[in-house]
Amino acid sequence: MMQPAEAPQPLVLVAFPAGDPPLEGVALVTLNRPKALNALSYALLSELDAVLEALDRDPACRAIVITGAGTRAFAAGADVRELAVETTDSLHEADPLAAVDRVGRLATPTIAAVRGFALGGGAELAMACDMLVAGDDTKFGQPEIAIGVIPGAGGTQRLARAIGRVRAMELVLTGRQFDAAEAERLGLVTMVVPAADVLGRALELAAKVASMPALAAAAAKAAVRATEALPIDEGLRYERDRFEALFGTDDQREGMAAFLEKRPAVWRHR
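Since the model is a prediction, treat every value here as computed from it, not as a measurement.

Novice: What is the right way to read the pairing of strand E5 (residues 110–114) from this model?
Specialist: On a regular strand, one side chain projects to one face of the sheet and the next to the other, so that they alternate. Among the five residues of E5, five are classified as buried, and the element is accordingly described as predominantly covered. Covered by surrounding structure in E5 are Thr110, Ala112 and Val114 together with Ile111 and Ala113, the residues of both alternating faces. In the sheet, strand E3 (residues 63–68) pairs with E5 via four bridges, with the strands oriented parallel. If you follow Ile66 over to E5, its bridge partner there is Ala112. Here E5 pairs with strand E7 (residues 131–135) via four bridges, running parallel. Residue Ala113 lies in a different strand from E7, and its bridge partner there is Val133.

What follows is the structure in structure tokens.
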């Protein structure tokens, strides 16, 4: 008798983990292709895009941690088997890597929890997040030049903005891998921690962010992100507009009243 086929495992897992202290408002998103070192297949990118869009609309979610299943890799790159059959026209039309760009445009703050390999598209996905907690076993790299192409999901742009043009140029033109300690020296990561502590520290950081008033957190994120695109005078105006727009919100009134009354604020996230 034939056994029924097992349902395919989701390529992206979502959880609202419990913790002590509480992790209220924190979503954990896990890339779930551990046997393929969480390589970013088109199907995985599509699932990730849909999951993150839904979380970004969910008022119960105020911070997102993205990590990879297993201990060997955050994501070892794009799926080269899929890319190898593409043409310029087919790739331009499908534009599967646009999902990585949209990570950077989420209103909800994001944290990459990275251990093991974060290469190519994996490094680009981690850099698209707002903060990056790296394990001391992490290996970063943009090795695309070794297969005849260049980074296509933001690697040249985000890496140069994070560490400077001349340093990024060396890494992109040689495809050299570099470890977490070097990434920290270059200013690419938020913190480096022991590999076994990566997820816990990322969740702890996310919980701190999620405990802040959500509208102010989203405005702060948008203002900092604006530095990547705006000259200083326009960036200052953008910041001032976001600052002024928060006045009259419930949390602005509560936060300032709590400060003056010397008591903890009770946020309503509106």
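Anyway, onward from the coordinates.
Novice: Any chance you could explain the packing of helix H10 (residues 214–226) against helix H11 (residues 232–245) here in plain terms?
Specialist: Any two packed helices are characterised by the angle at which their axes cross and by the distance between the axes. Running from N to C, H10 and H11 point in directions that differ by 175°, and their axes come no closer than 9 Å. Viewed along their axes, H10 and H11 adopt a mutual orientation that is roughly antiparallel. Within the contact between the two elements, H10 uses Ala219, Ala222, Ala223 and Ala226 and H11 uses Tyr238, Glu239 and Arg242. For the contact of H10 with H11, a count of residues per class yields five nonpolar, no polar and two charged.

Cut-offs and rules
- Residues numbered from 1 in each chain as written.
- Predicted model: local features only at pLDDT ≥ 70, side-chain atom pairs only at ≥ 80, totals over all residues.
- Heavy atoms only, no water.
- Buried < 20%, exposed > 50% of the residue type's maximum accessible area, 1.4 Å probe, protein only.
- Helix = DSSP H or I, 4+ residues; strand = E, 2+ residues; numbered from the N terminus.
- Pairing = 2+ DSSP bridges.
- Axes fitted to C-alpha atoms, helices over the stretch in contact; angles between N-to-C directions.
- Parallel < 35°, antiparallel > 145°, perpendicular 65-115°, else oblique.
- Contact = heavy atoms within 4.5 Å.
- Nonpolar A, V, L, I, M, F, W, Y, C, P; charged D, E, K, R; others polar.

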